[in-house]
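Each chain is listed here by its residues.
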Amino acid sequence: MKISYNWLRTLIKTDLTPQQIDEYLTSSGLEVEGIETFESIKGGLQGIVIGEVIEKEKHPDADKLSITKVNVGAADLLTIVCGAQNVAAGQKVLVAMIGATLYPTTGEPFEIKKSKIRGVASEGMICAEDEIGLGTGHEGILVLPDHAKVGTPAAEFFKLEQDSVLEIGLTPNRADAASHYGVARDLAAILNSKNNTDTFKAELHNVLELPKASNINKVEVIIENPRACKRYSGLVISGITVKPSPDWLKNSLLSIGLRPINNIVDITNFVLHDLGQPLHAFDLNKITGNKIIVKTGLAAKTFKTLDGVERTLQAEDLMICNGSEPMCMAGVFGGLESGVSDSTTSVFIEAAYFDPAFIRKTSKQHGLKTDSSFRFERGTDPEMTITALKRAAALIFECAGGVLSMDVVDIYPQRLEPFKVAFSYTNCQSLIGKEIDRSIIKHIILSLGIKIEQEGNDGLLLAVPQYKTDVTREADVIEEVMRIYGYNNVEESTQIKFTANFADREKATAAENTAANLLIGFGFNEMMGLSLTKEAYYTEGTPLVKILNPLSADLNVMRHKMLFGGLETLAYNINRKQADLKLFEFGKTYEKTEADPMAIGFKYAETKHLILLATGRKYAENPFGENNKVDFSFVKSCIESVLNKLSIKFKVTDLSDEQFSYGLSYAHKNKQLVSFGLVEKSICKKMDVNVETFYADFNWDNVLSLVGKTKLEFTEIPKFPAVRRDLALLLDKKITYKEIEELAFSAERKLLKTVNLFDIYEGDKLEAGKKSYAVSFMLQDDEATLNDKQIDNVMQKLIKTYSEKLGATLR
């Protein structure tokens, strides 16, 4: 938000520099992000002075050029070659001196340099108005009145306005400061607190009592939805002339980045940024039936806004209508047909208080962000409507003429009362961490416009004005006191106080930290994704939790799976040349369950997950030529390490899931723990991930339910070595790993200790309907060292079993 220094000083009397105001505002929570210089003419006409043409003669080598002698108030006359046909001796002119930079009305800026033109040295330039940004005329040089004084800087002669503009990073809760008057209120409170005085006040100017109305015009106002429109005020001014605004008004708007349009529209914009109260001007002749109807419920109707776009209305769009049709999207955007034009002679000026929720929905639904909606969404001051109308009326009389032809109409069905807040000095001291004198606290509270209704031994009963939309609790008032008193005025404590706590760490936190530390050891990095995602990622019928008022179409549902957010992160990094990625994330998924008979709508379920994503190399490139690619067995070992570290027993089975090309499922009895596998190529491609990606999804709620439930058992370290043997089995695709594991232990109960699937292959090199499983077998005898014959007997037994039971062959 831009605040003009010159404008601000019309509302509060102060000699502070822009830099000092910057310091005060920033320390109180209104952070000034920067200060810019505004000039009503770009460049400020620097280096341009008034000169007088003393002599003029024809250039000897050019028919269209003249050689002039110009007095600019220096000791010597300047020789300037000029191409303008209207230059003549005795004229007062604008002279750009050598070194001056000119900013033409159109085109790029350029610097004046001493040069020779057709053999004659030229020591400056006599300027036309378009060459220095004063206008568009280029018929010849700009000739000034005779009273212009030679040597006077052009900026001084034209009374150019210079201003400093403060760019304030306004936070959403500070609707009370969304205007010059609001900032002036804060500044007055700060200065009064710093100087222990009440002399600084934010004062409204040109808010006069309205003249007696002729009441020759009448507009009836009807509020059909009082929940959406809590106050509506307006008046009519007739006999106006729509024309360009005066320079002071144009410059005020230009300084804060607004384009002047005409005097009426400019006045409504000026009052908005002056007082924080949005206004709207309707052409009185366009108000059919002399009725203003404020209503909702125009779903599916079309409405053409000021930008020429035809928009389809929603049921909750609050509209300002005449007797037959909509004229304006209340608090958001005007209509194309009902606004002020050059032929307008009478206007109805609207000032209202609209419910923030209605304006926010309309603004977001139609993608319209305006200065008006910015303020209504955050909450305006319901007590400001009449003041704003008086301010606007006075400016219209001054800049456009006219008379008041209808007195103020003010529909205010139920007055919005100030917020009542009980305030305790003890709580204030406790929260701030410093005992501030009670008289200082009261002084700050009163300087902020908060009234004291009752006073007790330890506290106050406060009435907080409606414009302070974020001050509704005691803690909010304490925060207000703190920011005006000054955060830097609270000294650092010289003591450290704490309560010793010997309780065990929370089980869930401890388990998360254990898993995270283990994964970090495997080279993973933790990521944090958004809980909001895109509905288009999911198939129809997925029980999604939809956002009623989404920020955008890309963030319109709560995530039902964490896979898509993870793949978005992979794509973002891969597209920035970070191809070796091992990521993990703790987060929740959300789904809609059955209808809730005790409430309106549905029940919703949240499930906590831990996901792993891995692609590219396992670790940095190295000169040893090892196979460094992330593979199925690497991610599988990470999963099992986490479960083993948490002492959770599990069974592994094949996974049938459309999001995986192949994978495994880990479970404990009837509890699903992990789904893991290679992500389907079609899903990766849709997410712009064109590399092989492995994904594991832990149901962390189920994992946590088993943490600490397993009794740890210790066995003696084996005295005799184990032996590993591998088989590459060619199988039908329908055969599962679970069958392989169960058959192995049924075939050999004594010597077989573990079975492990460490690779899966499905490709065009195999017969149709076939897959290859690479399985390892660990053999060990607790009483003696195994010999080759024993090992061979076990392996042959296994091969025979797989051949007979599963039809398996060795690759």
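Since the model is a prediction, treat every value here as computed from it, not as a measurement.

### Here's the deal with the overall build of the chain
- A tally of regular secondary structure across the chain gives 19 helices and 40 strands.
- Over its C-alpha trace the chain gives a radius of gyration of 39 Å, far above what one expects of a compact globule, namely 28 Å for 811 residues.
- Expressed as lengths along the three principal axes of its C-alpha atoms, the size of the chain is roughly 125 × 85 × 65 Å.
- Among the 811 residues that make up the chain, the fraction classed as buried is 47%.
- Contacts spanning at least 24 positions in sequence make up 69% of the contacts within the chain whose residues lie at least 6 apart.
- Taken as a whole, the chain presents about 41500 Å² of accessible surface, with 49% of it coming from carbon and sulfur.
- Averaging the coordinates of the 95 positive side-chain charges in the chain and doing the same for the 109 negative ones gives two points 5 Å apart.

### Regarding the environment of His-147
- Relative to the helices and strands, His-147 resides in the loop between β12 (143-144) and α3 (154-157).
- It is 35 Å that separates the C-alpha atoms of His-147 and Lys-13, two residues lying 134 residues apart in sequence.

### Overview of the side chain of Thr-362
- Among the structural elements, Thr-362 can be located in helix α7 (residues 356-365).
- You can call Thr-362 buried: its relative accessible area is 2%.
- Look past the residues within four positions of Thr-362 in its chain and what remains in contact with it is Glu-316, Asp-317, Leu-318, Met-329 and Val-332.

### Section: the pattern of salt bridges
- Taken as a whole and assessed by the stated rule, the structure comprises 36 salt bridges.
- Asp-458 is the salt-bridge partner of Arg-438, the closest N and O atoms lying 3.4 Å from each other. Highlighted residues: Arg-438 in helix α11 (residues 438-447) and Asp-458 in the loop between β26 (451-455) and β27 (459-464), separated in sequence by 20 residues.
- On the accessibility criterion, Arg-438 (38% relative accessible area) is partly exposed.
- Note that Arg-473 is salt-bridged to Asp-476, the shortest N-O span being 2.9 Å.
- A network of salt bridges, in which partner residues are shared, links Arg-174, Asp-176, Asp-186, Lys-468, Glu-480 and Arg-483.

### Observations regarding the environment of Leu-613
- In this structure, Leu-613 sits in strand β32 (residues 602-615).
- By relative accessible area, Leu-613 is classed as buried at 1%.
- Here the alpha-carbon distance between Leu-613 and Thr-569, two residues 44 residues apart in the chain, equals 9.9 Å.
- Apart from the residues lying within four places of it in its own chain, the contact partners of Leu-613 are Phe-524, Gly-566, Leu-567, Leu-570, Leu-581, Lys-582, Leu-583, Thr-693, Phe-694 and Tyr-695.

### Quick word on the sheet that holds strand β40 (residues 809-810)
- The antiparallel open sheet is built from 4 strands, whose spatial order is β38-β39-β37-β40. Of all the strands in the sheet, just β38 (752-761) and β40 have a single pairing partner and so form its edges.
- Sheet topology places β38 next to strand β39 (residues 770-779); 8 bridges connect them, and they run antiparallel. Considered in β39, the bridge of Ile-760 is made with Tyr-773.

### A short note on the sheet that holds strand β13 (residues 162-168)
- With antiparallel pairing, the 3 strands of this open sheet are ordered in space as β1-β13-β2. Whereas interior strands pair on both sides, the edge strands pair on one side only; in this sheet they are β1 (2-4) and β2 (32-39). Between one strand and the next, the sheet's axes are offset by a mean angle of 25°, whatever the strand orientation.
- Where β2 and β13 come together, 7 bridges link them in antiparallel fashion. Paired with Val-32 across the strands is Ile-168, a residue of β13.

### Some points on the packing of helix α6 (residues 263-275) against helix α9 (residues 385-400)
- It is the contact of α6 with α9, at a shortest axis distance of 10 Å, that shows an interaxial angle of 145°. Seen from above, α6 lies across α9 with right-handed handedness. Here Asn-263, Ile-264, Ile-267, Phe-270, Val-271, Asp-274 and Leu-275 of α6 lie close against α9, whose contacting residues are Thr-387, Ala-388, Arg-391, Ala-392, Leu-395, Ile-396, Cys-399 and Ala-400.
- For the contact of α6 with α9, the per-class residue count stands at 11 nonpolar, 2 polar and 2 charged.

### Some details on the packing of aromatic side chains
- According to the stated counting rule, one finds 20 aromatic pairs in the structure shown.
- Centre to centre, the rings of Phe-632 and Phe-694 are 6.5 Å apart; their planes meet at 70°, and the pair counts as edge-to-face. A residue pair is termed long-range when its members are at least 10 positions apart, and Phe-632 in helix α15 (residues 632-645) and Phe-694 in strand β36 (residues 694-699) qualify at 62 residues.
- What makes Phe-694 buried here is its relative accessible area of 3%.
- Relative to Tyr-695, the ring of Phe-660 has its centre 6.1 Å away and its plane inclined at 25°; by these criteria the two rings are stacked. Taken together, the residues span a long stretch of sequence, with Phe-660 in strand β34 (residues 660-668) and Tyr-695 in strand β36 at a distance of 35 residues. Tyr-695 matches Phe-660 in its accessibility class, with the two residues each being buried.
- Pairwise contacts between aromatic rings join Phe-584, Phe-586, Phe-698 and Trp-700 into one cluster.
- Over the face of the ring belonging to Phe-758 we find Arg-724, whose NZ or CZ atom lies 5.0 Å from the ring centre.

### Topic: α6
- Here α6 is 13 residues long and its end C-alpha atoms lie 18 Å apart, about the 18 Å a rise of 1.5 Å per residue gives.
- When you tally the buried positions in α6, you get 11 out of 13 residues, the bulk of the element.
- Looking at α6, one finds that the buried residues are Asn-263, Ile-264, Asp-266, Ile-267, Thr-268, Phe-270, Val-271, Leu-272, His-273, Asp-274 and Leu-275.
- One side-chain oxygen at the N-terminal end of α6 lies 3.1 Å from the backbone nitrogen of Ile-264; it belongs to Asn-262.
- Phi for Gly-276, located one or two positions after α6, is positive at around 85°.

### Points about helix α13 (residues 507-521)
- Its 15 residues place the ends of α13 21 Å apart at the C-alpha level, agreeing with the 21 Å of an ideal helix rising 1.5 Å per residue.
- For α13, every residue scored as buried is listed here: Ala-511, Glu-512, Ala-515, Ala-516 and Leu-519. Projected down its long axis, α13 shows its buried positions confined to an angular sector of 130°, all on one face. Exposed side of α13, more than 90 degrees from the buried face: Asn-517 and Gly-521 are the residues found there.
- Looking one or two residues beyond α13, the residue adopting positive phi is Gly-523, at roughly 95°.

### A look at the packing of helix α4 (residues 180-195) against helix α12 (residues 474-485)
- Where α4 meets α12, the closest approach of the two axes is 9 Å, and the angle between their N-to-C directions is 65°. Comparing the axis directions of α4 and α12 gives the class roughly perpendicular. The residues of α12 that touch α4, namely those facing Asp-186, Ala-189, Ile-190, Ser-193 and Lys-194, are Arg-483, Ile-484 and Tyr-485.
- When the residues that make up the contact of α4 with α12 are grouped by side-chain class, the tally is 4 nonpolar, 1 polar and 3 charged.

### A closer look at unusual backbone geometry
- Of note in the backbone geometry, Ser-647 takes a positive phi value of approximately 60° without being a glycine.
- Looking at the secondary structure, you find Ser-647 in the loop between α15 and β33 (651-654).
- You will see that Asp-688, though not glycine, has its phi angle at about 65°, which is positive.
- Looking at where Asp-688 falls in the secondary structure, it is placed in the loop between α16 (681-686) and β36.

### So, the state of the cysteines
- Summed over the entire model, instances satisfying the criterion amount to 0 disulfides.
- Free of any disulfide, Cys-638 has its nearest cysteine sulfur in Cys-684, 18 Å distant.
- Take Cys-638: its relative accessible area is 0%, and that puts it in the buried class.

### Focus on the nonpolar core
- Membership of the largest hydrophobic core comes to 77 residues, with the highest contact counts inside it found for Leu-25, Ile-264, Phe-423 and Ile-445.
- Contacts of Leu-25, omitting those with residues within four sequence positions, involve Leu-30, Glu-31, Val-32, Leu-166, Ile-168, Val-183, Leu-187 and Ile-190.
- Core analysis: the next-biggest nonpolar cluster, separate from the first, contains 63 residues, Val-652, Leu-729, Met-795 and Leu-798 among them.

Cut-offs and rules
Residues numbered from 1 in each chain as written. Predicted model: local features only at pLDDT ≥ 70, side-chain atom pairs only at ≥ 80, totals over all residues. Heavy atoms only, no water. Helix = DSSP H or I, 4+ residues; strand = E, 2+ residues; numbered from the N terminus. Rg over C-alpha atoms; globule rule 2.2 N^0.38 Å. Buried < 20%, exposed > 50% of the residue type's maximum accessible area, 1.4 Å probe, protein only. Contact = heavy atoms within 4.5 Å. Areas by Shrake-Rupley, 256 points an atom, 1.4 Å probe, with all protein chains shown as cover. Lys, Arg positive; Asp, Glu negative; His and termini not counted. Charge placed at Lys NZ, Arg CZ, Asp CG, Glu CD. Salt bridge = Lys/Arg side-chain N within 4 Å of Asp/Glu carboxyl O. Pairing = 2+ DSSP bridges. Axes fitted to C-alpha atoms, helices over the stretch in contact; angles between N-to-C directions. Left-handed = near helix turned anticlockwise from the far one by under 90°. Nonpolar A, V, L, I, M, F, W, Y, C, P; charged D, E, K, R; others polar. Phe/Tyr/Trp six-rings, centres within 6.5 Å; stacked < 30°, edge-to-face > 60°. Lys NZ or Arg CZ within 6 Å of the ring centre and 35° of its normal. Expected span 1.5 Å × (residues − 1). Polar contact = N/O pair within 3.5 Å; in protein donor to acceptor, adjacent residues only side chain to side chain. Arc of directions from axis to C-beta. Parallel < 35°, antiparallel > 145°, perpendicular 65-115°, else oblique. Disulfide = S-S within 2.5 Å. Core = buried A, V, L, I, M, F, W, Y, C linked by side-chain atoms within 4.5 Å.

Nothing here speaks to function; it is geometry throughout.
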